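# Coordinate analysis (summary)
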Amino acid sequence: WRCLKALQAEGAGAGAAEAEAEDPADDLTSQMQAVDLPDDELITVFREEIPGLQLCKEADALISHSWGVGSNIMADFLEAQNAVEVSYGPFKDGKDVHLREVRAWVPLPPRPMLPKYAKYNGRLFIQCERDDSGVSSLVVLAAVQTTGLPLMDSFSIVEKTRFVRMPKGDGSTSPERADLGGGVVTRAFKVVWHHDIWLKSFINSGALLRQQEVGVMLVDVLRRRAAAAAGPASATAARVAGEP
């Protein structure tokens, strides 16, 4: 009996040690690293400066558990694409990496042999880097598997959108002002092939064209969000300037 109790205690101790060793934050980081690709393997879609884009607010909105139209960049991006039946999976929080799964039906441009909609299945990894002045960079890495199209099980797509803080023109580094300079946004992607097919070059070309189309939509979303964020601040500044 004593031997049995000792074995049970030893097993419980080993299980507790194993559970303690498994850090969910490390798991999310390793999952993101498994999806991420070197920049020189990605195709750049655009690089844009977005004055007034407030990275601190945008980062906080993205890692908020409440997603919906108007709530953050990615939700607005799906809305801009006229996505329907959008659903969000449970939010998983790590130390520096956050994960949310997204499902939606996205309309496709009218082209031969394409249906009207495709099913978007995305795993979105969100990573923030902060310094004394707030968010210095923000990365949204999406591993996307689209279904509802011929041969879609042959490949998946990695989309990487990186936001880097643009310094304020006056050189200010205070947390209150550093976020007002805006952000430099770079979007890149790669078609990841699971096996070769004879239409590979055709699909690569089509994917690039589609990324360029939705890239225009994303830039428009970012500019609109920057303008909306600047509106109240501009109104307050004008009111203060007009006071005696």
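Residues numbered from 1 in each chain as written. Predicted model: local features only at pLDDT ≥ 70, side-chain atom pairs only at ≥ 80, totals over all residues. Heavy atoms only, no water.

With that settled, the discussion passes to the overall build of the protein. Summing up its helical and strand segments, the protein has six helices and eight strands in all. Listed by position from the N terminus, the elements making up the protein come as α-α-β-α-α-β-β-β-β-β-β-α-β-α. Within the protein, contacts between residues at least 6 apart in sequence are counted, and of these 62% link residues at least 24 apart. Carbon and sulfur atoms make up 57% of the accessible area of the protein, which amounts to about 13600 Å² in all. (Helix = DSSP H or I, 4+ residues; strand = E, 2+ residues; numbered from the N terminus. Contact = heavy atoms within 4.5 Å. Areas by Shrake-Rupley, 256 points an atom, 1.4 Å probe, with all protein chains shown as cover.)

Attention now goes to unusual backbone geometry. Although it is not a glycine, Asn82 sits at a positive phi angle of roughly 60°. Assignment of secondary structure puts Asn82 in the loop between α4 (73-80) and β2 (84-88). Given a relative accessible area of 53%, Asn82 falls into the exposed group. The phi dihedral of Glu85 is positive, around 50°, even though this residue is not glycine. Take Glu85: it is sitting in strand β2. (Buried < 20%, exposed > 50% of the residue type's maximum accessible area, 1.4 Å probe, protein only.)

All right, on to the pairing of strand β6 (residues 134-147) then. For β6, the buried fraction is high: eleven of the 14 residues fall into the buried class. Examined bridge by bridge, strand β5 (residues 117-131) and β6 share 13 bridges and lie antiparallel to one another. Across the sheet, the residue bridging to Arg123 is Ala143, located in β6. Between the end of β5 and the start of β6, which pair antiparallel, lie two residues. Taken together, the eight bridges between β6 and strand β7 (residues 155-165) define a ladder with antiparallel strand orientation. From the neighbouring strand, Val139 faces β7, where its bridge partner is Arg162. (Pairing = 2+ DSSP bridges.)

Next up on the list: a nonpolar patch on the surface. Nonpolar side chains collect at one region of the surface, where Val84, Trp105 and Tyr117 lie side by side and expose about 240 Å² of accessible area between them. Relative to the helices and strands, Tyr117 resides in strand β5. Taking relative accessible area as the criterion, Tyr117 reaches 37% and is therefore assigned partly exposed. (Patch = residues over 30% accessible without salt bridge, like charges linked within 9 Å, V, L, I, M, F, W, Y side chains within 5 Å. Salt bridge = Lys/Arg side-chain N within 4 Å of Asp/Glu carboxyl O.)

With that out of the way, let us pick up the pairing of β5. Each regular strand shows side chains that alternate between the opposite faces of the sheet. Where strand β4 (residues 97-107) meets β5, eleven bridges bridge the pair, whose relative direction is antiparallel. For Arg103, the partnering residue across the bridge sits in β5 and is Asn121.

In this section: helix α3 (residues 55-62). Along α3, six of the eight residues are buried, which leaves the element largely enclosed by surrounding structure. Along α3, the positions that sit buried rather than exposed are Leu55, Cys56, Glu58, Ala59, Ala61 and Leu62.

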